[in-house]
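# Working through the structure, step by step
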Amino acid sequence: MSTQTNKNSKKFWLLGIAVAVIVACVLLIVFLPRKTSPYAVMELDVNPKVQFVLDTDNKVMHVNYINDDAETLLSDEDLEGLDVKKATEKFVNLCVEAGFLDVNTTNGTVNVTIYCENLDKLDELSSHLKDTINSYFDENGIIAGAVMNIKTTFEEAYNNITQNAQNFADMTQQEILSLIDETSNDLKDISITLRTELFDFINELKENPLFQDMPTLEETIDNLKTELENSQLLTDEQKAQINKQIDEIQNNLDELLKQFREKLEEKLEELRTLSKEIFENAKQLLNEKIEQTKQLIEQHKQYFEQNREEVLAKIEAHRATLN
């Protein structure tokens with residue numbers, strides 16, 4: 001009897017461990033942050049011009065300011081992680097509240113550019129965003145509308161955040177999108193006014209004798225890999241020798257990349273520190289703009305309530321010119 005009881009106790013004990021492991025795995029899957037990949041890029045332009053890098057769920061991964069007004073507008077907002085429709089509505093609402101988009105306009109426009117290789121995804125996203133923006137204007141009686149632009153390449157999106165024409169020879173669109181992702185990470189919490197200093201520093205690093213050979217090393221590795229893939233005449237010994245050569249060059253390259261990144265991180269930290277005061281000043285400017293516009297917005301709301309049908313008809317007529 002005692003032996004049977006011990007066996008049953010052991011079974012229950014093992015079952016308890018198994019259940020605990022399964023529960024722990026589920027919790028890790030649910031609550032740990034997943035690594036997301038960029039899927040599309042979207043830009044909103046009202047004069048403040050901003051860029052959102054989107055993941056496959058259409059959530060905002062990165063927010064990049066394209067001009068000073070965008071930095072001022074979003075200085076007190078964190079849009080990362082939001083659904084793109086919610087982020088878009090916040091952007092447009094802030095443009096109105098801060099007076100960048102006049103509530104009394106008769107021809108307001110929000111230019112939206114979406115960069116994505118998947119045309120089906122583009123059409124769906126474009127339609128949703130257009131409806132989101134136009135619905136906001138309809139609800140608030142603002143004679144304005146969205147103009148949608150669709151692009152299947154990412155070169156322009158990258159150049160917009162670096163403010164510099166880049167050579168994309170031999171790069172795939174996915175590689176350019178990954179470059180946008182990496183650059184957006186580096187630009188986070190750095191004022192647009194310091195961006196030129198950052199990119200000048202990066203160019204100086206690339207020209208540093210210590211790092212000048214990195215492109216050549218990368219090219220050599222690619223050539224050796226191509227030689228391995230395309231040659232049917234190499235002996236096992238020759239292949240082993242080439243693989244050894246690749247490993248040696250790769251180790252050298254990895255060490256240089258590590259040193260390059262360390263120097264870059266030092267500069268990024270310096271610029272982020274300098275940016276804090278700039279962002280505080282931007283928040284103050286934004287609050288002043290919002291305060292100055294409050295009365296105008298209240299007057300507009302009263303006018304819209306009294307002349308709803310007339311205003312909506314004007315909105316529809318304006319949209320027809322945009323289409």
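What comes next is a walk through the structure. (Residues numbered from 1 in each chain as written. Predicted model: local features only at pLDDT ≥ 70, side-chain atom pairs only at ≥ 80, totals over all residues. Heavy atoms only, no water.)

## Overview of the packing of aromatic side chains
Quick note on the threshold: Between rings of Phe, Tyr and Trp, where Trp is taken as its six-membered ring, a pair exists when centres lie within 6.5 Å; planes separated by under 30 degrees are stacked, by over 60 edge-to-face, and by other angles tilted. Only DSSP runs of H or I reaching four residues or more are called helices, and only runs of E reaching two or more are called strands; each is numbered from the N terminus.
Throughout the structure, instances matching the rule amount to three aromatic pairs. For the pair Y136 and F137, a centre-to-centre distance of 5.8 Å together with 70 degrees between the ring planes defines the contact as edge-to-face. Ring centres of Y158 and F168 lie 5.7 Å apart, and the angle between their planes is 85 degrees; this geometry places the pair in the edge-to-face category. You can see Y158 sitting in helix α5 (residues 155-162) and its partner F168 sitting in the loop between α5 and α6 (173-187), a full ten residues away along the chain.

## Details of the pattern of salt bridges
Selection criterion: Think of a salt bridge as a Lys or Arg side-chain nitrogen and an Asp or Glu carboxyl oxygen that are within 4 Å of each other. Only protein chains enter the area calculation, which uses a 1.4 Å probe; residues under 20% of their type maximum are buried, those over 50% are exposed, and those in between are partly exposed.
Scanning the model with the defined rule gives 13 salt bridges in all. Between K90 and E77 there is a salt bridge, and its shortest N-O distance comes to 3.5 Å. A residue pair is termed long-range when its members are at least 10 positions apart, and K90 in helix α3 (residues 84-97) and E77 in the loop between α2 (68-73) and α3 qualify at 13 residues. In this structure K90 comes out as partly exposed when scored by relative accessible area, which is 30%. For K188, the salt bridge is made with E80, and the minimal N-O distance between the two is 3.3 Å.

## A closer look at the side chain of T293
Using the following cut-off: What qualifies as a polar contact is a pair of N or O atoms within 3.5 Å, subject to a donor-acceptor requirement within protein and to the restriction that residues adjacent in sequence count only when both atoms come from side chains. Two residues form a contact once any of their heavy atoms are found within 4.5 Å.
Tracing the backbone shows T293 in helix α9 (residues 236-306). Accessibility expressed as a relative area gives 10% for T293, which makes it buried. Side-chain polar atoms of T293 contact the backbone oxygen of K289, separated by 2.7 Å. Here T293 is in contact with V96, E97, A98 and G99, once residues within four sequence places are set aside.

## Thoughts on the environment of D123
Tracing the backbone through its elements, the reader meets D123 in helix α4 (residues 119-140). The exposure class of D123 is partly exposed, given its relative accessible area of 48%. Placed 27 residues apart in sequence, D123 and I150 show a C-alpha to C-alpha distance of 8.3 Å.

## Points about the nonpolar core
For clarity, the cut-off: Nonpolar cores are built from buried Ala, Val, Leu, Ile, Met, Phe, Trp, Tyr and Cys residues. Side-chain atoms within 4.5 Å join them into one set.
The biggest cluster of nonpolar side chains holds 42 residues, and the ones touching the most others in it are M42, L44, F52, L74, F91 and F137. By residue number, the principal contributor to this core is α3, which donates seven residues. Residues contacting F91, with those up to four places away along its chain left out, are L44, V46, P48, V50, L73 and L74. Ranked by size, the runner-up nonpolar core spans 35 residues in total, among them L187, L194, L198 and F211.

## A few points about helix α10 (residues 308-322)
The test is simple: To estimate the expected span of a helix, subtract one from its residue number and multiply by 1.5 Å. Throughout, the arc means the angular range of directions from the helix axis out to the C-beta atoms.
With 15 residues, α10 ought to run about 21 Å at 1.5 Å a step, and its terminal C-alpha atoms sit 21 Å apart, in line with that. Listed as buried for α10 are V311, I315, H318 and R319. Angularly, the buried residues of α10 cover 105 degrees about the axis, an arc narrow enough to put them on a single face. In α10, those exposed residues whose orientation departs by more than 90 degrees from the buried face are E309, E316, A320 and T321. Turning to α10, the residues buried within the fold contact β4 (108-115), α4, β5 (144-151) and α9.

## Let's talk about α5
For α5, the full list of buried residues reads A157, Y158, N160, I161 and T162. For α5, the secondary structure elements touched by its buried residues are β1 (38-45), β2 (49-55), β3 (60-65), β4, α6 and α7 (195-207).

## Overview of unusual backbone geometry
Residue D170 is not a glycine yet carries a positive backbone phi of 70 degrees. Note that D170 resides in the loop between α5 and α6. At D189, a residue that is not glycine, the phi angle is positive and equals roughly 70 degrees. Examined against the element boundaries, D189 turns out to sit in the loop between α6 and α7.

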